[in-house]
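# Close look at the chain arrangement
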There are 2 protein chains.
Amino acid sequence: MEIKSKIGNRIKELREIKQMSQKDLAYSADLDRSYIASVENGKRNISIVNIEKIAVALGVSLKEFFNKQEFN
Amino acid sequence: MEIKSKIGNRIKELREIKQMSQKDLAYSADLDRSYIASVENGKRNISIVNIEKIAVALGVSLKEFFNKQEFN
């Protein structure tokens, strides 16, 4: 699977664990909801600054964010 | 420290462990040497696709790349 899709899936997984909507996450990360949707769909080559914003909004560190078998 | 600098430091650390020059890494990752230099200096908001290219060239997974205290 392409890295853009792996990142999108991981964000969606963590967002659902935290019981946040895309709108909640967008608001908390100061990003657009449509941008969050396209990232989750694997359509964006997201930057590290935006990955960090999203991780902070989801309450995880970058170490935790990437601590999954699919990133190994 | 800003995330862009943390990423740059981590790339430099791994590159030196692997005893690669910036030129070696650039060649192996199919990126420009000047781009590698600016990323290592914390001047670039690098994308996930380029982080993955660099991690592959350095012989580490993304999980390993981010498995450091500074990303926690």
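- An unreviewed UniProt entry lists chain A under the name DNA-binding XRE family transcriptional regulator, with Mariniflexile fucanivorans as the source organism.

## Observations concerning the relation of the copies chain B and chain A
- Once turned by 180° and shifted 0.0 Å along the axis, chain B lies on chain A with an RMSD of 0.0 Å. Accordingly, the operation relating the two chain copies is best matched by a two-fold axis. In terms of proximity to the rotation axis, the leading residue of chain B is Ser 47 of chain B, whose C-alpha is 2.0 Å off the axis.
- The fraction of interface residues of chain B whose copies in chain A are also interface residues reaches 100%, indicating that both copies meet through the same surface.

## Things to note about the interface of chain B and chain A
- Of the residues lining the interface, 19 residues belong to chain B; the matching set on chain A comes to 19 residues.
- Summing both sides of the interface, chain B and chain A together bury roughly 1,800 Å²; the carbon and sulfur share of this comes to 64%.
- By the criterion of area lost to chain A, the three top residues of chain B are Ile 3, Ile 48 and Lys 63 of chain B, representing 35% of everything that side buries.
- The tally of links between chain B and chain A comes to 0 salt bridges.
- Joining chain B to chain A, the criterion identifies 16 residue pairs in polar contact (both at pLDDT 80 or more).
- The set of elements that each furnish at least two residues to the side of chain B that touches chain A consists of α1 (3-17), α4 (48-58) and α5 (62-65) of chain B.
- Counting residues per element, the side of chain B that touches chain A draws most heavily on α4 of chain B, which supplies 4 residues.
- Classifying every residue of the side of chain B that touches chain A by side-chain character gives 9 nonpolar, 5 polar and 5 charged.

Criteria and thresholds
Residues numbered from 1 in each chain as written. Chains lettered and ligands numbered in written order. Predicted model: local features only at pLDDT ≥ 70, side-chain atom pairs only at ≥ 80, totals over all residues. Heavy atoms only, no water. Least-squares fit on C-alpha atoms with pLDDT ≥ 70 in both. Contact = heavy atoms within 4.5 Å. Buried area = accessible area lost by both parts, 1.4 Å probe. Salt bridge = Lys/Arg side-chain N within 4 Å of Asp/Glu carboxyl O. Polar contact = N/O pair within 3.5 Å; in protein donor to acceptor, adjacent residues only side chain to side chain. Helix = DSSP H or I, 4+ residues; strand = E, 2+ residues; numbered from the N terminus. Nonpolar A, V, L, I, M, F, W, Y, C, P; charged D, E, K, R; others polar.

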